[in-house]
Amino acid sequence: MSAKSLVLVVDDEADIRELLGLTLARMGLDAHCAASTAEAYALLARNSYDLCLTDMRLADGDGLAVLEYVAKRHPNLPVAVLTAHGSAENAVAALKAGAFDYDSKPLQLPQLRTLVQQALKSQAYAPRELLGASPSIQHIKAMIEKVARSQAPVYISGESGSGKELAARLIHQQGVRSDGPFFPVNCGAIPENLMESEFFGYKKGAFTGASQDKQGFFQAAHGGTLFLDEVAELPLAMQVKLLRVIQEKSVRQVGSNDEIPIDVRIINATHQDLHQLVASGDFRQDLFYRLAVIEIKLPPLREMREDIPLLATEILARLKNPMQVPPPKLGSAALEALQSYTFPGNVRELENILERALALTSGDEIRVEDLQLGTREDAQTISKQDLVGLRASTPLPDYLERIEKEAILEALEKTRYNRTAAARLLGITFRAMRYRMDKLGIKDDLDPKG
């Protein structure tokens, strides 16, 4: 029997620690509890954890201090923060500081369980290195090693799910800035009216609700690397401001006349073709040349079929349930089917397929039918005639949820499982999209972290 996942709980309220401990135990997880940051740091020094849950306010510090400590000493450990109900500022501050997610007090156990499951899943997926021996992956590894020695901006292109953030993290980790922060930003997830204040920060009183000074993304990444994911989503007005910051190497907070020097290396990525966007006028040419000093193009998985056996073995080892015996092996027919599949979602889709197969298989070997490679599209579509019959025999709330689920799945399919683009297509925010997917039980075929 393999070891259970271990969770560190940090909260100065004894009843909350007890509640979290019982909840985690019922989920099949072990928990260590700390009443202060000092106790938490002592436990972190002695044990290896799969997740940390910390209160935002502690007797001898706060959750942000715990986040900073973990980021420096245990960078692969996901941290979720518990905040006072309705404290949006605390939640935003925690996410900026690197929190995986947050939950509000008083705790709602179903939401908490979902958060824990997603965090542990992200830990299972947490990448350590680029796996594979194909010529394509060896070329990428050599490029990353060479680029890491430089301070030039890097543009990483590639299809969704091909590992662009992993490549960016490896460049950071192998470079001279490895002791500094790696700060990832999903450019498509930020409302346009908040972009300037989020990127550059703001001064107290700069606008309604600005009750104190706030750092922006550039200040948070000072001395390290700022990773601009989905950079093609930036509106043209923001592209102008970003170009100025890169040229001047300084930012001006909203509501301030002073320039703040910044020292960051910028790595950017997108699944779109920036060259085409420049040609169409949707992306500034001058900004493109500033961002794409060095370009790395990640190959799709279908061009690295010889690496699929190694990748599948590694993914299955990481996906195994802590309460189960070692995961079943891939049968030869199943492996052959995977190597023949086109993988529009690349490695992330492979992870999703194998996770589904683990849930479906009943023996010690994964079969072709467990992979469900030929039923994905059929399972996600429903005809108008089916909907009429469903409406006639289904309670209204269930019927509406079914319609909503189908609309989200259709949007995800149209955008190749880019949740940011799918949210825009549906006319909702990125966070609302993630919430609806969690509520409706929709698993993202391409992005298990959100």
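Definitions and cut-offs
Residues numbered from 1 in each chain as written. Predicted model: local features only at pLDDT ≥ 70, side-chain atom pairs only at ≥ 80, totals over all residues. Heavy atoms only, no water. Pairing = 2+ DSSP bridges. Helix = DSSP H or I, 4+ residues; strand = E, 2+ residues; numbered from the N terminus. Axes fitted to C-alpha atoms, helices over the stretch in contact; angles between N-to-C directions. Phe/Tyr/Trp six-rings, centres within 6.5 Å; stacked < 30°, edge-to-face > 60°. Buried < 20%, exposed > 50% of the residue type's maximum accessible area, 1.4 Å probe, protein only. Polar contact = N/O pair within 3.5 Å; in protein donor to acceptor, adjacent residues only side chain to side chain. Contact = heavy atoms within 4.5 Å. Arc of directions from axis to C-beta. Salt bridge = Lys/Arg side-chain N within 4 Å of Asp/Glu carboxyl O. Parallel < 35°, antiparallel > 145°, perpendicular 65-115°, else oblique. Left-handed = near helix turned anticlockwise from the far one by under 90°. pLDDT = per-residue confidence, 0-100. Nonpolar A, V, L, I, M, F, W, Y, C, P; charged D, E, K, R; others polar. Core = buried A, V, L, I, M, F, W, Y, C linked by side-chain atoms within 4.5 Å.

A. Looking closely at the sheet that holds strand β9 (residues 182–186). Reading across the sheet, the five strands line up as β9-β10-β13-β8-β14 and stay open at both edges, with parallel pairing between neighbours. Whereas interior strands pair on both sides, the edge strands pair on one side only; in this sheet they are β9 and β14 (294–297). Across this sheet, the average inter-strand angle for adjacent strands is 20 degrees, counted without regard to direction. The pairing of strand β8 (residues 154–157) with strand β13 (residues 265–270) spans four bridges and is classified as parallel. Within β13, the residue paired with Val154 across the bridge is Ile267.

B. Main features of the packing of aromatic side chains. Scanning all chains against the criterion turns up 11 aromatic pairs. Note on Tyr41 and Tyr69: the rings are 3.9 Å apart at their centroids and 15 degrees apart in plane angle, and the pair reads as stacked. Taken as a pair, Tyr41 in helix α2 (residues 37–46) and Tyr69 in helix α3 (residues 63–73) lie far apart in primary sequence, 28 residues in all. Classification of Tyr41 as partly exposed rests on a relative accessible area of 21%. On the basis of relative accessibility, which here comes to 17%, the residue Tyr69 falls in the buried class. An aromatic cluster is present here, built from Phe183, Phe199, Phe200, Phe217 and Phe218 joined pairwise through their rings.

C. Summary view of the side chain of Asn346. Mapped onto the elements of the fold, Asn346 is located in helix α15 (residues 346–360). A distance of 2.9 Å separates a polar atom in the side chain of Asn346 from the backbone nitrogen of Leu301. Among all residues touching Asn346, those that are not within four sequence positions of it are Glu159, Ser160, Gly161, Ser162, Pro300 and Leu301.

D. Structural view of α2. For α2, the full list of buried residues reads Thr37, Ala40, Leu43 and Leu44. Buried positions in α2, seen along its axis, are confined to an arc of 125 degrees and lie on one side of it. Away from its buried face, by an angle of more than 90 degrees, α2 presents the exposed residues Ala45 and Arg46. The inward-facing, buried residues of α2 contact β1 (6–10), β2 (30–34), β4 (57–58), β5 (61–62) and α3.

E. Main features of the pattern of salt bridges. Throughout the structure, instances matching the rule amount to 12 salt bridges. Where Asp213 meets Lys203, a salt bridge forms, and the shortest distance between an N and an O atom there is 3.1 Å. With Asp213 in the loop between α8 (195–200) and α9 (217–220) and Lys203 in the loop between α8 and α9, this pair connects stretches of sequence that are 10 residues apart. Residue classification places Lys203 among the partly exposed positions, given a relative accessible area of 28%. Between Arg244 and Glu259 there is a salt bridge, with its nearest N and O atoms 2.4 Å apart. Taken together, the residues Arg244 in helix α10 (residues 236–248) and Glu259 in the loop between β11 (250–251) and β12 (260–261) connect sequence positions 15 residues apart.

F. Up close: the packing of helix α13 (residues 308–319) against α15. Packing of α13 against α15 leaves a shortest axis separation of 10 Å and a crossing angle of 55 degrees. Here α13 is positioned oblique relative to α15, judged by the angle of their axes. The crossing of α13 and α15 is right-handed. Of the residues in α15, those in contact with Leu311, Ala312, Ile315, Leu316, Arg318 and Leu319 of α13 are Val347, Leu350, Glu351, Leu354, Glu355 and Leu358.

G. Highlighting the confidence of the model for the chain. Put simply, the chain has an average pLDDT of 84, and 87% of its residues get 70 or more. For the stretch residues 375–387, pLDDT sits under 50, and the model shows 16 contacts to residues farther than four places along the chain or on other chains. Across residues 445–450, where pLDDT falls below 50, the model places 23 contacts with residues more than four positions away in sequence or in other chains.

H. Up close: the pairing of β8. In β8, alternate side chains face the same way, and those of Val154 and Ile156 on one face and Tyr155 and Ser157 on the other are all buried. For β8 and β14, the ladder comprises four bridges, and the chain directions are parallel. Note on β14: the bridge partner recorded for Ser157 is Lys297.

I. Structural view of the packing of α2 against α3. Orientation of α2 relative to α3, taken along the N-to-C sense of each, is 20 degrees, at an axis distance of 11 Å. Regarding the angle of α2 to α3, the classification is roughly parallel. Crossing angle aside, the handedness with which α2 passes α3 is right-handed. Along the contact surface, α2 presents Thr37, Tyr41 and Leu44, while α3 presents Ala65, Val66, Tyr69 and Val70. Taken together, the residues of the contact of α2 with α3 sort by class into six nonpolar, one polar and no charged.

J. Local environment of the environment of Ser136. Looking at the secondary structure, you find Ser136 in helix α6 (residues 135–148). Taking the relative accessible area as the measure of exposure, Ser136 reaches 23% and is therefore partly exposed. Along the backbone, Ser136 and Leu298 are 162 residues apart, and their C-alpha atoms lie at a distance of 8.4 Å. Among residues more than four places away in sequence, those in contact with Ser136 are Pro299, Glu303 and Met304.

K. Layout of the nonpolar core. By size, the foremost hydrophobic cluster in this structure holds 41 residues, and its most contacted members are Ile156, Ile296, Leu354 and Leu371. Secondary structure elements with two or more residues in this core: α6, β8, α7 (164–173), β13, β14, α13, α14 (332–340) and α15. Of all the elements, α13 adds the most residues to this core, at six residues. When residues no more than four places from it in sequence are discounted, the contact partners of Leu354 are Ala312, Ile315, Leu316, Leu319, Leu330, Leu338 and Leu371. Within the second largest apolar cluster, 33 residues are counted, among which are Phe199, Phe200, Leu243 and Ile262.

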